[in-house]
Amino acid sequence: MGIGEAQGKIIVFGEHFVVHGAPAIAGGISSKVTVEVEKSDKNRIITEHKVVEKMSLAGIERVLAVMGIHERYGVHLRGDLRTYGGLGSSAAFCVAMVHAFADEKKIHLTKEEVNKYAYEGEKAFHGNPSGIDNTIATHGGVILFERGKEKNKFELLELYKPLDFVVTFTGKYSETAKMVERVKKFKEQDEKEFTQLMDEYTDIATHGRHAIERGKIEDIGKLMNANQSLLSELGVSDETNDEINKIALEVGAIGAKLTGGGGGGCCIALTKDQEQASKIAEMFKKKGLDSFTTQIEKRH
Ligand code: PMV
C-alpha cells in the first residue's frame, strides 16, 4: 500500500491572458486530495467524489506506464478538494497518485520527476494541458507561469505571508475549452482591442507579482478587481460570476474575481483573515451556494 497527497490551485491573476502569452500567477491552496493505492486484480478508481471514471482510469494507466510499474491497483481518492470548477483537482490527483506509487515501491523521486510523471497523467483529463496545474500541485506556494511557443516557463515566487480566500462555486459549469474558444474569437474579431486588454493585463501581472512578494494585500485585492474587469471585457465573466463578486465586495472582501475558465465555475474573494473568510463563506452557503475557505500558504 502507498499513500500520497497534493493540493489544488487557484489562479490569482491571468486566466485566458496566459493562453495568449502573458504570465499567470497561481497559488496552491490548502484544500487537498489524498490518494491511497493497493494492489488489485484490475485498475480501479474508488471515490465518493464526482469524477469521470473513464478519464480517471486512463490517468491511472498513464501514470503507471510512465513510472514503469506493471502491477494493477485500486486507487482511492479522498480529500477536501472539490473535483469541479477549475481548482486543479485532476492535476492534484495525478501528483498525489505519483507520490502514492513512489511510496508503495519505496522509490525516491525528485520534484521534477513527480511533475513530469503527473503531467503524463494529466493528459488523460485535458488533451493538451498547459502544465500550470501539475506544477503548482508539485511545488505548492505561488508560481508565475508563462506559456512558451517551444517550452513553458515557470518561476517559484516567494509569498510574503499566507493569503486567505473564499472560493464559491457559481453552480454553473462551462467547459474551459469553450471559454478559451470564445476569447480566440474575440481576438480574431478585434485584434486592436485585444492587444490593449493584453497590455493592461500584463501591467496587472507585473504589479501583482510585487504585491504578492511584499505582502501588500490591499494592492493584491485592487489588482484582482482590475483583472476581473478585463475578464468581463473579454466576455468570460457571466452574471453568476458578477453577482458573486459583487456580493463578496459589498460585505468587505478586499478583492474578488472569477478563477479558471469562467462562464460560471468558481469565484475567489481575498479576505483580510481567516475569520472574515469564514463569515463570507457562511453567508454564501446560506444562499445555497457551495462556498469554502482556503489559504495560499508559503511553500513547504
Ligand atoms: O479552468 P482551469 O482551472 O483549468 O483554468 C483555465 C485557465 C485558462 O487560462 C482559461 C486556460 C488555460 O489553459 O490556461
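(A) The site of the ligand, seen in detail. All residues in the neighbourhood of the ligand are listed as Lys9, Ile11, Glu15, His16, Val18, Val19, Gly86, Thr176, Val180, Gly260 and Gly261. A distance of 2.8 Å separates an oxygen atom of the ligand from a polar backbone atom of histidine 16. Within the side chain of threonine 176, an N or O atom sits 3.1 Å from an oxygen atom of the ligand. With the chains in place, 84% of the 380 Å² that the ligand exposes on its own is no longer accessible. The site holding the ligand turns out to be the largest pocket. Mapped by element, the contributors of at least two residues to the shell around the ligand are strand 1 (2-13) and helix 5 (176-189).

(B) Up close: the pattern of salt bridges. Applying the stated criterion to the full structure yields 15 salt bridges. A salt bridge links lysine 257 to glutamate 15; the shortest N-O distance between them is 2.9 Å. Residue lysine 257 is located in strand 8 (residues 255-259), and its partner glutamate 15 is located in the loop between strand 1 and strand 2 (24-39); the two are separated by 242 residues in the primary sequence. With respect to burial, lysine 257 and glutamate 15 carry one shared label: buried. Among the salt bridges present, the one from arginine 82 reaches aspartate 290, with a minimum N-O distance of 2.8 Å. Here aspartate 290 lies in the loop between helix 9 (274-286) and strand 10 (291-296) and arginine 82 lies in the loop between strand 4 (73-79) and helix 2 (89-105), a separation of 208 residues in the sequence.

(C) Representation of the domain arrangement of the chain within the structure. Domain parsing of the chain yields domain 1 (2-157) and domain 2 (163-296). Contact with domain 1, which involves 29 residues of that partner, is made by 41 residues of domain 2. With both chains or domains summed, domain 1 and domain 2 bury close to 2900 Å², and 70% of this area falls on carbon and sulfur atoms. Together, Phe13, His16 and Phe17 form the three largest contributors to the area buried by domain 1 at its contact with domain 2, with a combined 27%. For the interface between domain 1 and domain 2, the tally reads 3 salt bridges.

(D) Quick look at the nonpolar core. Ranked by size, the top nonpolar core spans 73 residues in total, and within it Phe13, Phe93 and Phe101 carry the most contacts. If you tally residues by element for this core, the top one is helix 2, at 10 residues. If you count residues domain by domain, this core takes at least three from each of domain 1 (2-157) and domain 2 (163-296). Leaving out residues up to four positions away in the same chain, phenylalanine 93 has contacts with Val33, Val35, Ile45, Ser56, Ile60, Val75, Leu77 and Phe125. By size, the runner-up hydrophobic cluster in this structure holds 12 residues, among which are Ile244, Ala256, Cys267 and Ala281.

(E) Summary view of the packing of aromatic side chains. According to the stated counting rule, one finds 4 aromatic pairs in the structure shown. When the ring of phenylalanine 17 is compared with that of tyrosine 201, the centres are 4.8 Å apart and the planes differ by 5°; the resulting orientation is stacked. Placement of phenylalanine 17 in the loop between strand 1 and strand 2 and of tyrosine 201 in helix 6 (residues 191-214) is noted, with a sequence separation of 184 residues between them. Each of the two residues, phenylalanine 17 as well as tyrosine 201, counts as buried.

(F) Main features of unusual backbone geometry. For histidine 16, which is not glycine, the phi dihedral falls at a positive 70°. Residue classification places histidine 16 among the buried positions, given a relative accessible area of 5%. A positive phi is found at lysine 106, a non-glycine position, where the angle reads about 55°. Of the residues examined, lysine 106 reaches a relative accessible area of 65% and is grouped as exposed.

(G) Summary view of a negative patch on the surface. The grouping of Glu181, Glu188, Asp190 and Glu191 at the surface amounts to a negative patch. Locating glutamate 188 in the fold gives a position in helix 5. On the basis of relative accessibility, which here comes to 57%, the residue glutamate 188 falls in the exposed class.

Definitions and cut-offs
Here, residues in each chain are numbered from 1, in the same order as that chain's written sequence. Only residues with pLDDT of at least 70 get local features here, since the model is predicted, and only at 80 or more are side-chain atom pairs given and counted; chain-wide, interface and lining totals rely on the full set of residues. The side-chain values count all of the structure's non-hydrogen atoms but skip hydrogen atoms and water molecules. We call a residue near a molecule or strand whenever a single non-hydrogen atom of that residue lies within 4 Å of it. Definition of a polar contact: a pair of N or O atoms within 3.5 Å, with one able to donate and the other able to accept a hydrogen when the atoms are protein atoms, and with sequence-neighbouring residues admitted only if both atoms are side-chain atoms. Note that accessible areas follow from Shrake-Rupley with a 1.4 Å probe, and for residues the cover is restricted to the protein chains shown. For cavity detection a 1 Å grid was placed over the protein atoms alone, and a set of points counts as a cavity when a 1.4 Å probe fits there but cannot get out; an open set counts as a pocket when protein lies on both sides within 12 Å along at least five of seven lines, with lining residues being those that have an atom within 4 Å of a point. Criterion for pocket placement: a molecule counts as inside a cavity or pocket if more than half of its atoms are within 2 Å of its grid points. To qualify as a helix, a DSSP run of H or I must reach at least 4 residues; to qualify as a strand, a run of E must reach at least 2; elements of each kind are numbered from the N terminus. We define a salt bridge as a side-chain nitrogen of Lys or Arg found within 4 Å of a carboxyl oxygen belonging to Asp or Glu. Classification of residues uses two cut-offs on accessible area relative to the type maximum, computed with a 1.4 Å probe and protein chains only: under 20% is buried, over 50% is exposed, and between them is partly exposed. Each domain span listed reflects an automatic or database assignment of domains. Any two residues whose heavy atoms approach within 4.5 Å at even a single point are treated as in contact. Put simply, buried area is how much 1.4 Å-probe accessible surface two parts lose in total, over both of them, once they are put together. Residues belong to one nonpolar core when they are buried, are Ala, Val, Leu, Ile, Met, Phe, Trp, Tyr or Cys, and are joined through side-chain atoms within 4.5 Å. Pairing of aromatic rings covers Phe, Tyr and Trp, the last through its six-membered ring, and needs centres within 6.5 Å; plane angles under 30 degrees mean stacked, over 60 mean edge-to-face, and all others mean tilted. The patches described consist of residues with a relative accessible area above 30% and no salt bridge, like charges being joined within 9 Å and nonpolar side chains (Val, Leu, Ile, Met, Phe, Trp, Tyr) within 5 Å. In this tally, Lys and Arg are treated as positive and Asp and Glu as negative; His is ignored, and so are the chain termini. By convention, charge coordinates are those of NZ in Lys, CZ in Arg, CG in Asp, or CD in Glu.

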